[in-house]
Protein chains: 2
Amino acid sequence: MAPDQDSAAGSLYRKVAADLREAITSGSFGDAGRLPAEGALAEQYGVSRGTVRQALALLRADGLVTSRRGTRRVVLGSARVQSFSELLSFTHWARSMGEEPGGRLESMVRRPADAAEREHLRLEPGTEVYAMLRLRTLSGTPVMVERTVYPPRVGELVAQLPPDAVSHTEPLREHGILFSDADHTIDVVGANADDARLLGCRRGSPLLREKRRTTDPTGTPVEWSQDRYLPGTVAFSIHNSLASSALSRHAREND
Amino acid sequence: MAPDQDSAAGSLYRKVAADLREAITSGSFGDAGRLPAEGALAEQYGVSRGTVRQALALLRADGLVTSRRGTRRVVLGSARVQSFSELLSFTHWARSMGEEPGGRLESMVRRPADAAEREHLRLEPGTEVYAMLRLRTLSGTPVMVERTVYPPRVGELVAQLPPDAVSHTEPLREHGILFSDADHTIDVVGANADDARLLGCRRGSPLLREKRRTTDPTGTPVEWSQDRYLPGTVAFSIHNSLASSALSRHAREND
DNA sequence: CGACGGAAGTTGGCTGGCCAACTTGGCCGC
DNA sequence: GCGGCCAAGTTGGCCAGCCAACTTCCGTCG
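Small disclaimer: the values here were computed from a predicted structure and weren't measured.

Visitor: Can you lay out the packing of aromatic side chains for me, pointing to particular residues and giving the numbers?
Guide: This model, assessed by the stated rule, comprises four aromatic pairs over all chains. Taking the centre distance of 6.1 Å and the plane angle of 80° together, the rings of Tyr229 of chain B and Phe236 of chain B count as edge-to-face.

Next comes the structure, spelled out in structure tokens:
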């Protein structure tokens, strides 16, 4: 597989960003070293300074470099996984770690949406949804219980997939369902009877919960999911900075 | 207090962004409505299209609007708290929710840094650090145990603060210690004896843990902290998109 | 020897312009 | 009536240039 599928695709500034990312990760500028000036990079890559700045904005958002007026940029950390697709797709994430992802479909039913689901998926009263319950494994060991609710248009496609399909997002993409934006909420919850049975833990034992709503490029919700992870298997990591940030901490709301 | 302290400060594109954010939140464009074209906004605000694009990039990163070539931007959600300072400062966050933040200093000691601390704070072997243990409350009720390790330069200042000081980040800012970038890792951990005693829960009961390393604009670490929250008091929420993102999920590493 | 000041270097911000890629809607032909 | 084609509208991307704000460093002066 091409490793640059996402990173160096298409635009010039992405190519420059991918190249700089590589250079930083391989330590070309030292650990806390300074990057060349924007002008120098522009000349080096044969692009305008604006393009270099677009590339550097990507690296800054990923927390690879600092940026402040008056000084060269400084290398902050190195190597961050490409995040969006890995956050959306358990399969993609697992493979990027060299693990073998698996999934066992527990149930898939079509039923009327409740109030909360209508709210999250922005559906009219009376609309039906497809509710899925799935156990996800990493190289054979159970790590997560996934409860996903799909609107009709998406659910119909998912329901037709073979029950042992590992990835759902990949086939969906081929049917024109695009995942573009997602909101995630992370907290702790106790295992209920189903969780305990599937994950092999005790009822009430703590699980890391991720609630997620995904929309397509037009803003239409395509997925509303609740994933519950066994502690010790995963953690979530975020970088934020004064310049840009995509994270917020907030009081718990009602489910 | 000026509510636009961060949002509309200084640059033109931030003012435009703040204005658009306000318009979106107040529903001027409808719930899933479409924004005016970039050109129209540029004319309306009397700025160039590039400046409008900078403003819209902020909104896109916050998940307020989509953006895709060929169509007008679409309103996604509305109203997201300003995230960076609220994520760094418990005090700031609490106040933005209308709660009264409190803190009780349990201990503050100066001691040699262990290997992990030297790694996180990028210190030379033999350097001493200031280790703090603090119970944080929201309107009187305990919600979080904070364990923070400071490098000497910062710790000396913190140690001089009165023990009942609610906010530490604000006085630090006045002494020239600037918080600029932070890496966060979120997972679940069981309460140890200290946690249980301070938070009033049982030993081993699940806590939401946030590990955080903060650096100043030069990339020098200024803080390494482990916060443990009682479940049900907080959750972390993140937005990410294909266009830009600051989040990644990864396998748990050793502490 | 230390403090102050200024010059050079660097990033932030903004403008104006151009073309390409893509979406949408309407028109036209079948 | 239906489907396909085309044009207008819109965002993505790139360039060249200019000035302001800020940092750093060095030389000078006390």
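Visitor: Before we move on, could you go through the protein's contact with DNA strand C and cite the residues and values that matter?
Guide: Around DNA strand C sit 23 residues in total, of which Arg53 and Arg72 of chain A together with Leu12, Ser48 and Thr51 of chain B are the nearest. Within 4 Å of the protein, the atoms of DNA strand C are drawn from sugar and phosphate moieties in a proportion of 75%. In this structure, a phosphate oxygen belonging to DNA strand C sits 2.9 Å away from a main-chain N or O atom of Glu38 of chain A. Gly70 of chain A has a polar backbone atom sitting 3.2 Å from a base nitrogen of DNA strand C. For the surface near DNA strand C, the secondary-structure elements that each account for two or more residues are α3 (49-61) of chain A together with α1 (12-25) and α3 (49-61) of chain B.

Visitor: I'd like a rundown of the nonpolar core, residues and numbers included.
Guide: Formed by 26 residues in total, the largest nonpolar core has its most connected members in Leu208 of chain A together with Leu208 of chain B. Other than its neighbours up to four places away in sequence, Leu208 of chain A contacts Ile186, Asp187, Asp227, Arg228, Tyr229, Val234 and Phe236 of chain A together with Ile186, Asp187, Val188 and Leu208 of chain B.

Visitor: I'd love a proper account of helix α1 (residues 12-25) of chain A, names of residues and values included.
Guide: Note that an α-helix has 3.6 residues per turn; residues three or four places apart therefore point the same way. Residue and element names in this part refer to chain A. In this model, α1 (14 residues) spans 20 Å end to end at C-alpha, consistent with the 20 Å of a helix rising 1.5 Å per residue. When α1 is considered as a whole, its buried residues turn out to be Tyr13, Val16, Ala17, Ala18, Leu20, Ala23 and Ile24. Along its buried surface, α1 packs onto α2 (38-45) and α3. One or two positions beyond α1, positive phi appears at Gly27, with a value near 85°.

Visitor: Explain the relation of the copies chain B and chain A residue by residue, including any values.
Guide: When chain B is brought onto chain A, the operation consists of a screw motion whose angular component is 180° and whose axial shift is 0.0 Å, with 0.1 Å RMSD remaining. Here the two chains are linked by the operation of a two-fold rotation axis. Same-surface contact between copies: 98% of interface residues of chain B are shared with the interface of chain A.

Visitor: Account for the interface of chain B and chain A, naming residues and giving values.
Guide: The partner chain A presents 57 residues to the 58 residues of chain B that form the contact. Both faces considered, chain B and chain A share a buried interface measuring about 5800 Å² in area, 53% of it formed by carbon and sulfur atoms. Inspection of the region where chain B meets chain A yields zero salt bridges. In this assembly, chain B and chain A are joined by 16 residue pairs in polar contact (both at pLDDT 80 or more). Contributions of two or more residues to the side of chain B that touches chain A are made by α4 (84-88), α5 (90-96), β4 (181-190), β5 (206-215), β7 (234-241) and β8 (247-251) of chain B.

Visitor: Lay out the protein's contact with DNA strand D with the relevant residues and their values.
Guide: Lining the immediate environment of DNA strand D, one finds 24 residues, of which Leu12 and Thr51 of chain A together with Arg53, Thr71 and Arg72 of chain B sit closest. Backbone atoms, meaning sugar plus phosphate, form 75% of the atoms of DNA strand D positioned within 4 Å of the protein. A distance of 2.8 Å separates a phosphate oxygen of DNA strand D from a polar atom in the backbone of Ser48 of chain A. Between DNA strand D and Arg69 of chain A, the relevant distance is 3.4 Å, taken from a sugar or linking oxygen to a side-chain nitrogen or oxygen of the residue. Contributions of two or more residues to the surface near DNA strand D are made by α1 and α3 of chain A together with α3 of chain B. Of the residues forming the surface near DNA strand D, the biggest block, three residues, is contributed by α3 of chain A. Of the residues in the surface near DNA strand D, the class split is five nonpolar, nine polar and ten charged.

Visitor: Which residues make up the pairing of β7 of chain B, and what values do they have?
Guide: Most of β7 of chain B sits out of view: eight of its eight residues are buried. With burial as the criterion, each face of β7 of chain B is covered, one bearing Val234, Phe236, Ile238 and Asn240 of chain B and the other bearing Ala235, Ser237, His239 and Ser241 of chain B. Across six bridges, strand β4 (residues 181-190) of chain A lies against β7 of chain B in antiparallel orientation. Along β7 of chain B, the bridge assignment pairs Ile186 of chain A with Phe236 of chain B.

Visitor: For the domain arrangement of chain A, give the residues involved together with the corresponding values.
Guide: Along its sequence, chain A is organised into domain 1 (8-80) and domain 2 (84-229). Each of domain 1 of chain A and domain 2 of chain A has a C-alpha centre, and these two points are 35 Å apart.

Visitor: With reference to specific residues and values, describe the packing of helix α2 (residues 38-45) of chain B against α3 of chain B.
Guide: Residues and elements named next belong to chain B. Between α2 and α3, the shortest axis-to-axis distance is 8 Å and the interhelical angle comes to 105°. One element, α2, and the other, α3, form an angle in the roughly perpendicular class. When α2 is examined against α3, the residues Glu38, Leu41 and Ala42 are found in contact with a partner set consisting of Arg49, Val52, Arg53 and Leu56.

Visitor: Go over the side chain of His168 of chain B, please, and point to the residues and values.
Guide: Residues and elements named next belong to chain B. Topologically, His168 is positioned in the loop between α7 (152-159) and α8 (169-174). Accessibility expressed as a relative area gives 8% for His168, which makes it buried. Polar side-chain contacts of His168 include one of 3.5 Å to the side chain of Arg134.

Calculation notes
- Residues numbered from 1 in each chain as written.
- Chains lettered and ligands numbered in written order.
- Predicted model: local features only at pLDDT ≥ 70, side-chain atom pairs only at ≥ 80, totals over all residues.
- Heavy atoms only, no water.
- Phe/Tyr/Trp six-rings, centres within 6.5 Å; stacked < 30°, edge-to-face > 60°.
- Near = heavy atom within 4 Å.
- Polar contact = N/O pair within 3.5 Å; in protein donor to acceptor, adjacent residues only side chain to side chain.
- Helix = DSSP H or I, 4+ residues; strand = E, 2+ residues; numbered from the N terminus.
- Core = buried A, V, L, I, M, F, W, Y, C linked by side-chain atoms within 4.5 Å.
- Buried < 20%, exposed > 50% of the residue type's maximum accessible area, 1.4 Å probe, protein only.
- Contact = heavy atoms within 4.5 Å.
- Expected span 1.5 Å × (residues − 1).
- Least-squares fit on C-alpha atoms with pLDDT ≥ 70 in both.
- Buried area = accessible area lost by both parts, 1.4 Å probe.
- Salt bridge = Lys/Arg side-chain N within 4 Å of Asp/Glu carboxyl O.
- Nonpolar A, V, L, I, M, F, W, Y, C, P; charged D, E, K, R; others polar.
- Pairing = 2+ DSSP bridges.
- Domains from an automatic or database assignment.
- Axes fitted to C-alpha atoms, helices over the stretch in contact; angles between N-to-C directions.
- Parallel < 35°, antiparallel > 145°, perpendicular 65-115°, else oblique.

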